[in-house]
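A closer look at the structure
If you want the building blocks of each chain, they are given just below.
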Amino acid sequence: MFHHKVISDVDLNFKSVSLGKKIDSNFLITYSRNSNFGQSKLFQPDSNNVITFNEIYHTRCKFVFNKKDEKPKPKKIKVVLHRMYEDQTTKIFGKLNFDISELYGSDKTKVD
């Protein structure tokens, strides 16, 4: 059984990704939570093989809390890094799935 609900604004700031090797391609990130979907513009790695995004994804979440332990139900966010090829095809270069409800009410504000 669930006790109460809290609506909250959530801002995710996608900073950078280190590729670890030289890759001459464009990249973009897509992110989704339920039916909310977004994507960044295209980015190229710098001379240190780092892609600097500095993109902010804003979403509103309704956190529903369990009556027994006062913990919120999971709120999953999926982030995908796509590598773009010259023929406009893409391949998934990396993925990150995480639960933002684990951060609710904590001092932790960063997921690496």
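Note: the structure precedes this text.
Residues numbered from 1 in each chain as written. Predicted model: local features only at pLDDT ≥ 70, side-chain atom pairs only at ≥ 80, totals over all residues. Heavy atoms only, no water.

A word on the overall build of the protein
A tally of helices and strands in the protein yields 0 helices and 6 strands. Secondary structure elements of the protein occur, N-terminal to C-terminal, as β-β-β-β-β-β. A globule of 112 residues ought to have a C-alpha radius of gyration of about 13 Å, yet the protein, at 17 Å, is considerably larger. Across the 112 residues of the protein, 34% fall into the buried class. Intrachain contacts of the protein at a sequence separation of at least 6 include 62% that bridge at least 24 residues. (Helix = DSSP H or I, 4+ residues; strand = E, 2+ residues; numbered from the N terminus. Rg over C-alpha atoms; globule rule 2.2 N^0.38 Å. Buried < 20%, exposed > 50% of the residue type's maximum accessible area, 1.4 Å probe, protein only. Contact = heavy atoms within 4.5 Å.)

Some words on the pairing of strand β6 (residues 90-99)
The pairing of strand β5 (residues 76-84) with β6 spans 9 bridges and is classified as antiparallel. Within β6, the position partnered with I77 by the bridge is F98. A loop of 5 residues connects β5 with β6, the two strands running antiparallel in sequence, and Q88 in this loop sits at a positive phi of about 70°. (Pairing = 2+ DSSP bridges.)

Description of the packing of aromatic side chains
A full pass over the atoms with the stated rule returns 4 aromatic pairs. Centre to centre, the rings of F14 and Y31 are 5.2 Å apart; their planes meet at 25°, and the pair counts as stacked. Of the two residues, F14 sits in strand β1 (residues 2-18) while Y31 sits in strand β2 (residues 26-33), which places them 17 residues apart along the sequence. For F14, a relative accessible area of 13% translates into the label buried. Between F43 and F53, the ring centres sit 4.9 Å apart and the planes meet at 75°, which makes this aromatic pair edge-to-face. (Phe/Tyr/Trp six-rings, centres within 6.5 Å; stacked < 30°, edge-to-face > 60°.)

Some points on the nonpolar core
Residues L12, F14, F53 and I100 are the most contacted members of the largest nonpolar core, which totals 20 residues. When residues of this core are traced back to their parent elements, those giving at least two are β1, β2, β4 (50-66) and β5. In terms of residue count, β4 provides more of this core than any other element does, 6 residues in total. Non-local contacts of L12, meaning those with residues more than four positions away in its chain, are made with E55, I56, Y57, I77 and F98. (Core = buried A, V, L, I, M, F, W, Y, C linked by side-chain atoms within 4.5 Å.)

Regarding the sheet that holds β2
The strands making up a sheet are joined through hydrogen bonds of the backbone, oriented either antiparallel or parallel. With antiparallel pairing, the 4 strands of this open sheet are ordered in space as β3-β2-β5-β6. Two strands bound the open sheet, and with one partner strand each, they are β3 (36-39) and β6. Recorded for the sheet is a direction-independent mean angle of 15° between the axes of neighbouring strands. (Axes fitted to C-alpha atoms, helices over the stretch in contact; angles between N-to-C directions.)

Digging into unusual backbone geometry
Look at N49: it is not a glycine, yet its phi comes out positive at around 65°. Inspection of the secondary structure puts N49 in the loop between β3 and β4. For N49, a relative accessible area of 18% translates into the label buried. At N54, a position not held by glycine, the phi torsion is positive, near 50°.

Let's talk about the pattern of salt bridges
For the structure shown, the criterion picks out 2 salt bridges. One salt bridge connects D9 with R60, and the closest N-O pair in it is separated by 2.8 Å. Here R60 lies in strand β4 and D9 lies in strand β1, a separation of 51 residues in the sequence. Classification of D9 as partly exposed rests on a relative accessible area of 45%. (Salt bridge = Lys/Arg side-chain N within 4 Å of Asp/Glu carboxyl O.)

Shape is all these values report; function is a separate question.
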